[in-house]
Amino acid sequence: LLVAVGTDIPVGAQLERIEVEVSSPDAPAAVSRRTIVVSATPMPPFTVAMPFSFGVVPHGGDAARQVQVVVRGRFAASGLRDRVVSTAITGFVEHASLLLPMFLEQVCVDVTSCEAGYTCVGGRCRDAHRPVSELRAIDPASSTDPAALASLLSPDASAEAPRDVAPSAPADRL
């Protein structure tokens, strides 16, 4: 599963850090967390540009597992507290690479009323479940192109034809 993270929030001016949490609803103790510092002018390995991507594989290769990915955007001006959150709950398909787009939307900043299992999309709380049948198949051997990732993450991306992208960060085992 390739998780691609994008935003329409000004990077650096507002959005400074992204916290990513990957967990399994059927194994709540298995959690992976990472904090990523984002910048309009990245200086690897300390900061990354938006969009960015990372891979997630099921623990033990069990494609029947579900995964929950939570992406939190933090702003320096507000003490690096969570200001925008995107959540997805999905699964895996054996021997397939799928794209899971995660988009931090400006209209979702400070939307804190979404219950567990829901996420903010377009300023409203929506079901966070993303059936694997709705995810795009991708070629994991192709190169990562930030422009291609950006177009896949646009709010209109669901209407576009699939494009090939590959991970830009190591896979997390869940």
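Residues numbered from 1 in each chain as written. Predicted model: local features only at pLDDT ≥ 70, side-chain atom pairs only at ≥ 80, totals over all residues. Heavy atoms only, no water.

Participant: Which parts of the structure should I look at to understand the overall build of the chain?
Facilitator: Counting its regular elements, the chain contains one helix and eleven strands. Seen in sequence order, the chain has helices and strands lined up from the N terminus as β-β-β-β-β-β-β-β-β-β-α-β. Split into buried and exposed, the 174 residues of the chain put 44% on the buried side. By sequence separation, contacts in the chain at least 24 residues apart represent 64% of the contacts at least 6 residues apart. Total accessible area on the chain is roughly 8,900 Å²; 53% of this is exposed by carbon and sulfur atoms. (Helix = DSSP H or I, 4+ residues; strand = E, 2+ residues; numbered from the N terminus. Buried < 20%, exposed > 50% of the residue type's maximum accessible area, 1.4 Å probe, protein only. Contact = heavy atoms within 4.5 Å. Areas by Shrake-Rupley, 256 points an atom, 1.4 Å probe, with all protein chains shown as cover.)

Participant: In this structure, what is going on with the pairing of strand β4 (residues 52-57)? I would like to understand it.
Facilitator: Two faces belong to every sheet, and in a regular strand the side chains alternate between them. The buried count for β4 comes to five of six residues, which makes it a mostly enclosed element. As judged from the four bridges shared by strand β1 (residues 2-7) and β4, these two strands associate in the antiparallel manner. Note that in β4 the partner of A4 across the bridge is S53. (Pairing = 2+ DSSP bridges.)

Participant: When you look at the side chain of T87 in this model, what are you seeing that I'm missing?
Facilitator: Residue position: T87 is located in strand β6 (residues 82-91). By relative accessible area, which is 13% here, T87 ends up buried. Leave out the neighbours within four places in its chain, and T87 touches Q68, V69, V70, M102, Y118, T119 and A128.

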